[in-house]
Amino acid sequence: MVVGMPKNIDVRVDNLFSRMTESGRLRVRMALGNYFTGPGSIARSYRTARTTMGVGKQRMPSQRCYYYQDLMLPVLLDSLRGGWQANELVRPLAKLKAMDGNGLLRRTLNAWFRNNVQPGATAKALFIHHNTLEYRLNRISELTGLDLGNFDDRLLLYVALQLDEEE
């Protein structure tokens, strides 16, 4: 179930989506925004759904249904795109990208975050030895100038990855 949504909403959406696409001729995408109350709530809900759709299509083009609760951080960060704040946030990642021609270090970093910065799980997911993972993480730290043992630096790199348009 999607967190923050009324009970069984994801099941009902899936059922509706299945009925709409049964004929096979109709290609439909759907995005559910956040639920708000008070003045302007419908407009805010629509804006979150619209942004959720854009972010979802970019990140998961093969999916047809997107939920705000599943994409909350990238949706919220989307409003920074193009601003000076986003440029500052992605600067360490830009240094990494400049020296990581084949994308190996970025893929390693993404896997590390996907595995909750757990070295054992990350090495297993990447089919590499833990020493290889440690070497790559140290190289990422050197290239970005960030200490991956420091929470703020980890957070900065994670947010930079979320804002990165090529991911």
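Residues numbered from 1 in each chain as written. Predicted model: local features only at pLDDT ≥ 70, side-chain atom pairs only at ≥ 80, totals over all residues. Heavy atoms only, no water.

Draft legend 1. Main features of unusual backbone geometry. Even without a glycine there, the phi angle at Asn 116 is positive, about 55 degrees. Within the secondary structure layout, Asn 116 lies in the loop between α5 (104–114) and α6 (119–126). (Helix = DSSP H or I, 4+ residues; strand = E, 2+ residues; numbered from the N terminus.)

Draft legend 2. Seen up close, α5. Burial runs high along α5: eight of the 11 residues are buried. If you check which residues of α5 are buried, you get Leu 105, Arg 106, Thr 108, Leu 109, Asn 110, Ala 111, Trp 112 and Phe 113. Contact partners of the buried residues in α5: α4 (84–99), α6, α7 (130–144) and α8 (151–163). Two residues or fewer after α5 comes Asn 116, characterised by a positive phi angle close to 55 degrees. (Buried < 20%, exposed > 50% of the residue type's maximum accessible area, 1.4 Å probe, protein only. Contact = heavy atoms within 4.5 Å.)

Draft legend 3. Highlighting the packing of α5 against α7. Orientation of α5 relative to α7, taken along the N-to-C sense of each, is 110 degrees, at an axis distance of 10 Å. One finds that α5 runs roughly perpendicular with respect to α7. Between α5 and α7, the contacting residues are Leu 104, Leu 105, Thr 108, Leu 109 and Trp 112 on the first element and Leu 133, Arg 136, Leu 137, Arg 139, Ile 140 and Leu 143 on the second. Residues that form the contact of α5 with α7 fall into these classes: eight nonpolar, one polar and two charged. (Axes fitted to C-alpha atoms, helices over the stretch in contact; angles between N-to-C directions. Parallel < 35°, antiparallel > 145°, perpendicular 65-115°, else oblique. Nonpolar A, V, L, I, M, F, W, Y, C, P; charged D, E, K, R; others polar.)

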